[in-house]
Amino acid sequence: MPKLTVTKGPMEGLSFELMGGTAFVGRSSKNDIQIKDSTISRKQFKIFTIGDKFFIEDLKSTNGTLINDEMINPGEGYEMSEGDTIFIGNTVLKLVEVPVGKVSEVTDSMIQEPEPGLDEKDQLPEERRSQSPKNLELISKVSELLRETLSINEIFEKLLEYLMDALPRVDRGAILLYDDQKEDIKEVFSKSRQDPWDEAVRYSRTIVGRVLEEGKAIRMSNTDYEAPDDFSESMSTMQIGSAMCVPVISNSVMRGAIYVDSIHVPYGFRKDDLLLLKSLSGQVAIIIENEMLSLKLKGASS
């Protein structure tokens, strides 16, 4: 009998049989399967069968539903297979004991059609999702900024605004400029969704410091489980549920970093969100280079 087994969370060790048809899962006792976890929604998701296949659909939950570390779109059905893992709030469930012959390859309705001549199974998920309409719109908007006569402050303010529109789970964002000669951050542009007028600069200096030092991107889906010991204290103090940070590098020189986080919300970001930040880092590098060139020209003419 197919089951959902709780592998992590307040109800760890319990299993729920799936009798076929549709089963609603959430915090409320009115669900077919009640998960007593205060971090999930009253109605989180439903799992249902079509023929001999299992599907899952997020019911517009507050913190979202992840399948195998990938956030799914609310209102869309996603096919599941034996051993697939479901992440909701602080609870992790696994689909088990699916009879042989009922297991089929997982599909992802977010994936676009493959390019002509390229078999869909040969495309990486990152490649298939990186060109979503929302991501393309963001990249296009930022490209337009490069053609406008704006100060670097105005450009980065708009860029952070566009980024938050594209990624609704971002609560705080920052673009940091780095002085490679002094090996220190020289300027920070930040934005908070909760308080747009708050001028206080808030970001994880530990995460940013690691990115600037190693020159590699960081994505933490759930800081409760993934944060290294040297990150944990700052994560807790700042109430960071999930975070991403990418380096901004131009001509092999570290120019800065782009940082975003989600307060209280674990599993706030997926892999293609990180790809989007990486795409933006190239445009941010151009903006910084243009600013440096402008300052140099002004200095030469004065």
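Quick notes on the rules
- Along each chain, residues carry numbers from 1 onward, in the same order as the chain's sequence is written.
- In keeping with the model being predicted, local features are shown solely for residues with a pLDDT of at least 70 and side-chain atom pairs are shown and tallied solely at 80 or more, while totals for entire chains, interfaces and linings include all residues.
- Excluded from the side-chain calculation are hydrogens and water; included are all heavy atoms of the structure.
- Two distance rules govern patches: like charges are joined within 9 Å, and nonpolar side chains (Val, Leu, Ile, Met, Phe, Trp, Tyr) within 5 Å, applied only to residues with over 30% relative accessible area and no salt bridge.
- The method behind every accessible area is Shrake-Rupley, applied with a 1.4 Å probe, and residues are considered shielded solely by the protein chains displayed.
- Salt bridges are defined by distance alone: a side-chain nitrogen of Lys or Arg within 4 Å of a carboxyl oxygen of Asp or Glu.
- We count Lys and Arg on the positive side and Asp and Glu on the negative side, and we leave His and both chain ends out.
- Here the site of a charge means NZ on Lys, CZ on Arg, CG on Asp, or CD on Glu.
- A run of H or I in DSSP counts as a helix once it spans at least four residues, and a run of E counts as a strand once it spans at least two, with each numbered from the N terminus.
- Burial classes follow relative accessibility: with a 1.4 Å probe on protein chains only, a residue under 20% of its type's maximum area counts as buried, one over 50% as exposed, and anything between as partly exposed.
- Strands were regarded as paired on the criterion that DSSP finds at least two bridges between them.
- To obtain each axis, a line is fitted to C-alpha atoms, and for helices this fit is confined to the stretch in contact; angles are then taken between N-to-C directions over 0 to 180 degrees.
- Residue contacts follow a heavy-atom distance rule, with two residues in contact if any of their heavy atoms lie within 4.5 Å.

A. View of a negative patch on the surface. Taken together, the side chains of Glu154, Glu157, Glu161 and Asp165 present a region of like negative charge at the surface. The residue Glu161 is located in helix H3 (residues 152–166) in this model. Using a relative accessible area of 37% as the deciding quantity, one classes Glu161 as partly exposed.

B. Examining the pairing of strand S1 (residues 3–8) more closely. Sheet topology note: the S1/strand S11 (residues 91–96) ladder contains five bridges and is antiparallel. From the neighbouring strand, Thr5 faces S11, where its bridge partner is Lys94. With three bridges joining them, S1 and strand S2 (residues 15–17) adopt antiparallel strand pairing. Each residue of the ladder has a partner; that of Leu4, found in S2, is Phe16. Between S1 and S2, which pair antiparallel and follow one another directly, the connecting turn spans six residues, one of which, Gly9, has a positive phi of 125°.

C. View of a positive patch on the surface. Taken together, the side chains of Arg27, Lys30, Arg42 and Lys43 define a basic patch exposed on the protein surface. In this structure, Lys43 sits in the loop between strand S4 (33–34) and strand S5 (45–50). What makes Lys43 partly exposed here is its relative accessible area of 46%.

D. Looking closely at the pattern of salt bridges. Counted according to the given criterion, the structure contains six salt bridges. Between Arg210 and Glu214 there is a salt bridge, and its shortest N-O distance comes to 3.7 Å. Pair noted here: Arg210 and Glu214 are both in helix H4 (residues 205–214), with a separation of four residues, about one helical turn.

E. Representation of the sheet that holds S4 within the structure. Strand order across the open sheet formed by five strands is S4-S3-S5-S6-S9, with mixed pairing between neighbours. The open sheet terminates on both sides in strands that have one partner only, identified here as S4 and strand S9 (78–80). Two elements, strand S3 (residues 22–26) and S5, share four bridges in a ladder whose sense is antiparallel. Within S5, the position partnered with Val25 by the bridge is Phe45.

F. Structural context of the sheet that holds strand S14 (residues 218–220). Reading across the sheet, the five strands line up as S13-S12-S16-S15-S14 and stay open at both edges, with antiparallel pairing between neighbours. Taken across any chain shown, the strands that pair with only one partner, and hence form the sheet edges, are strand S13 (184–192) and S14. On average, each strand axis in the sheet is inclined to that of its neighbour by 15°, with strand direction left out of account. Against the sheet, H3 engages strand S12 (172–179), S13 and strand S16 (253–263), with an angle of about 50° to S13.

Honestly, it's all geometry; don't read function into it.
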